[in-house]
Amino acid sequence: MKKILSLLLLFGCIVLMSNSVFAATEFTAEVSFTSGGEVSFDAVLKKRADNTSATAITWDAGDISIGSSSVEWKTATVYAVLTSTITKASGKVYLYQNNKSTSTAVKYQATTPRYETTNQIYSGLVKANSGGGDGNYAPMTFMVSTVTVTTPDINPVTSEYGKRYFIDQDNSNFVKDDYCTVVDSQGYINAVDGSGNAQHLAKQTTGYMYFGAGFQNIIAGTSYGTNNIKFEIVTE
């Protein structure tokens, strides 16, 4: 028997005429079993500057260059503290987006993909009221650690190890595999190697997730966002 709990987690927005970018709320989710193991997961947002509670993922707009033709990878000012208990062998937690969903705010809904080779990609922050398309996305990355990181490097160009792109459910190549798995019964996943095998961190209950986005050719007064990022808790 397969049990899936899929919950909306975040809303993201960047307004480049201000100094804040926001994305929305934390959640708690749990599935318990009388036998065969347990799967529980919780994510709480906190500010990197002082570890106080946050209700939104934010970027510092003042740290992003307007009009730069080069991609600038910036770490969000908010991170997530993860808590998980997975004692069921098949239990795992996925992280992905669905920017095409009709439940996405119309302002940030993606109707047109961007392309990498032949892959159609809808993931990342979407330029407001653009519907997507090449040049209208800020790709998003994430990394998972079992220790807090003062200055996390989320630039995937620097090193693929430890940084993963957000995958959209409506990508032409979307597969729920280790690439979008946050944690399973063996622990938190730091990266996926060239053969698609998960690289696990030392097993523990608490993990830390850092977010990033790649900004390019930004025009003052525009905004980018998403409200359809999901953690999916699965046992089967």
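Residues numbered from 1 in each chain as written. Predicted model: local features only at pLDDT ≥ 70, side-chain atom pairs only at ≥ 80, totals over all residues. Heavy atoms only, no water.

Now for unusual backbone geometry. Although it is not a glycine, Asn51 adopts a positive phi angle of roughly 65°. Within the element layout of this structure, Asn51 appears in the loop between β4 (39–47) and β5 (72–86). Its identity is not glycine, yet Thr117 carries a phi of approximately 50°, on the positive side. Mapped onto the fold, Thr117 is located in the loop between β7 (114–116) and β8 (119–121). (Helix = DSSP H or I, 4+ residues; strand = E, 2+ residues; numbered from the N terminus.)

Turning to the pattern of salt bridges, a few remarks are in order. Where charged atoms from two side chains of opposite charge come close, those side chains can pair. A complete count under the given rule lists four salt bridges for this structure. Two residues, Lys74 and Asp63, come together in a salt bridge whose shortest N-O distance is 3.7 Å. Taken together, the positions of Lys74 in strand β5 and Asp63 in the loop between β4 and β5 put the pair eleven residues apart, joining distant regions of the chain. (Salt bridge = Lys/Arg side-chain N within 4 Å of Asp/Glu carboxyl O.)

Here we take up the confidence of the model for the protein. Overall, the prediction assigns the protein a mean pLDDT of 84, with 83% of residues at 70 or greater. Low pLDDT, under 50, characterises residues 4–29; the stretch is placed with 116 contacts to residues that sit more than four places away or in other chains. (pLDDT = per-residue confidence, 0-100. Contact = heavy atoms within 4.5 Å.)

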